[in-house]
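An overview of the molecular structure
Residues per chain are reported as follows:
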Amino acid sequence: MNTFTRLLGTAILGMASATTLAADGNGNAAPATPASAVARTSDYLTTPDGIRLYYKDWGRGQPVVFSHGWPLDSDSWEAQMLFLADHGYRVIAHDRRGHGRSSQPWDGNDMDHYADDLATVIDTLDLKDAVLVGFSTGGGEVARYIGRHGTARVRKVVLVSAVTPLMLKTPANPGGLPIEVFDGLRKASLQNRSQLYRDLASGPFFGFNRPGAKPSQGLIDAFWMQGMLGGHKNTYDSIAAFSATDFTQDLRRFDVPTLIIHGDDDQVVPIDASARAAAKLVEGARLIEYSGAPHGIADTHRDRINNDLLEFIRQ
């Protein structure tokens, strides 16, 4: 068993079942990005600060915008994108700065920049009545987008295995994971991030470390490949972004229908301090718990999540 898996398992076993959350002031409003300020081709946008964002834009109809997890890229959503495009929706996903095929800037690997990049995609493509879907780190990106840019262009929100409201254990958030877990991630990333990604994919991410699980080499390889496309500095910095950012105030700004989906055997983002806490902060949110499901449910439970997304979008 690798060091990070041991740290994570120990932390989860020792977590408090109740979570107390504290608000902060990180979700300051930010102006929308003028479309005229953004260079655009059929598969790249260039943001005002010079970052090239790769994106894919499939199908026609109401837009559904996907934000991916760490250390992945937009390819991680391909099953959901193909399914919804086939059902009459326009689906859009971009590679977060520093990930996948996008630029790898030295600075700006934080949630405010991620949210503003998402705003650049939405504004440049002039999307209206969009459904925003965020997985894991992407859930934080979506929450911070709403905190900074509001919901004028948003019809609905879906948070899947999301890091919201706060992963890190603090005096005000005793149900979070201790800093040692994320320090372990950082150490493993510096020592051998290729091996780290293989360990995560073959272990807790998809639940392949559970008794009776049948690992898929294809899923493990896809996770590793997407992770290694990302920049070393960018994915390293992103650990702090997804673990230590408090999205409490961002969630309280949600004013559109919101669906939260999470596996109750998520070993990466444990459900008590994430989905169950987030559901209490978003007025009227609906929480669907997948019994026995791991973190990477977009792949392990793709048929169920595809149908749950379609049903929610159609409502």
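Structure's up top.
Below is a summary of the structure that appears in this document. Computed from a prediction, not measured in an experiment: that's the story for all the values here. (Residues numbered from 1 in each chain as written. Predicted model: local features only at pLDDT ≥ 70, side-chain atom pairs only at ≥ 80, totals over all residues. Heavy atoms only, no water.)

Remarks on empty space enclosed by the protein
With the rule as written, the count across this model stands at 3 cavities of 30 Å³ or more. In this structure, the largest cavity spans a volume of roughly 160 Å³. Among the elements that make up the lining of the largest cavity, the one with the highest residue count is helix α5 (residues 179-202) (4 residues). A class-by-class count of the residues in the lining of the largest cavity yields 14 nonpolar, 3 polar and no charged. (1 Å grid on protein atoms, 1.4 Å probe; cavity = no way out; pocket = protein on both sides within 12 Å on 5 of 7 lines; lining within 4 Å. Points joined across faces, edges and corners; volume = space filled by probe spheres on them. Helix = DSSP H or I, 4+ residues; strand = E, 2+ residues; numbered from the N terminus. Nonpolar A, V, L, I, M, F, W, Y, C, P; charged D, E, K, R; others polar.)

Points about helix α4 (residues 137-149)
Taking 1.5 Å of rise per residue, the 13 residues of α4 would be expected to cover 18 Å, and the 18 Å separating its terminal C-alpha atoms lies within 8% of that figure. Counting buried positions along α4 gives 13 out of 13 residues, so the element sits mostly inside the fold. Where α4 terminates, the next one or two residues include glycine 150, which has phi positive at roughly 80 degrees. (Expected span 1.5 Å × (residues − 1). Buried < 20%, exposed > 50% of the residue type's maximum accessible area, 1.4 Å probe, protein only.)

Observations concerning the packing of aromatic side chains
Throughout the structure, instances matching the rule amount to 12 aromatic pairs. Look at phenylalanine 182 and phenylalanine 242: their rings are 6.4 Å apart centre to centre, the planes differ by 75 degrees, and that puts the pair in the edge-to-face class. You can see phenylalanine 182 sitting in helix α5 and its partner phenylalanine 242 sitting in helix α7 (residues 232-244), a full 60 residues away along the chain. Residue class for phenylalanine 242 comes out buried when judged on its relative accessible area of 6%. Here the aromatic cluster, defined as three or more aromatic residues joined through ring pairs, consists of Phe66, Trp70, Trp77, Phe135, Phe182, Tyr197, Phe205, Phe206, Phe208, Phe223 and Phe242. Over the aromatic face of phenylalanine 312 sits the side chain of lysine 156, whose NZ or CZ is 5.0 Å from the ring centroid. Here the guanidinium or amino end of arginine 304 rests over the ring plane of tyrosine 290, the centre of that ring lying 3.8 Å away. (Phe/Tyr/Trp six-rings, centres within 6.5 Å; stacked < 30°, edge-to-face > 60°. Lys NZ or Arg CZ within 6 Å of the ring centre and 35° of its normal.)

With respect to the packing of helix α2 (residues 78-86) against helix α11 (residues 302-314)
Axis separation between α2 and α11 bottoms out at 10 Å; the angle between their running directions is 45 degrees. In terms of their interaxial angle, α2 and α11 are classed as oblique. As for how α2 packs across α11, the hand of that crossing is right-handed. Counting all contacts with α2, which are made through Ala79, Gln80, Phe83 and Leu84, the residues of α11 involved are Arg302, Ile305, Asn306, Asn307, Leu309, Leu310 and Ile313. In terms of residue class, the contact of α2 with α11 is built from 7 nonpolar, 3 polar and 1 charged. (Axes fitted to C-alpha atoms, helices over the stretch in contact; angles between N-to-C directions. Parallel < 35°, antiparallel > 145°, perpendicular 65-115°, else oblique. Left-handed = near helix turned anticlockwise from the far one by under 90°. Contact = heavy atoms within 4.5 Å.)

A word on the pattern of salt bridges
Enumeration according to the criterion identifies 23 salt bridges in this entry. Residue aspartate 112 is joined to arginine 148 by a salt bridge in which the shortest nitrogen-to-oxygen separation is 3.5 Å. Within this pair, whereas aspartate 112 is found in helix α3 (residues 111-124), its partner arginine 148 is found in helix α4, the two being separated by 36 residues in sequence. With a relative accessible area of 25%, aspartate 112 lands in the partly exposed category. Connected via shared salt-bridge partners are Lys56, Asp73, Asp75, Asp95 and Arg101. (Salt bridge = Lys/Arg side-chain N within 4 Å of Asp/Glu carboxyl O.)

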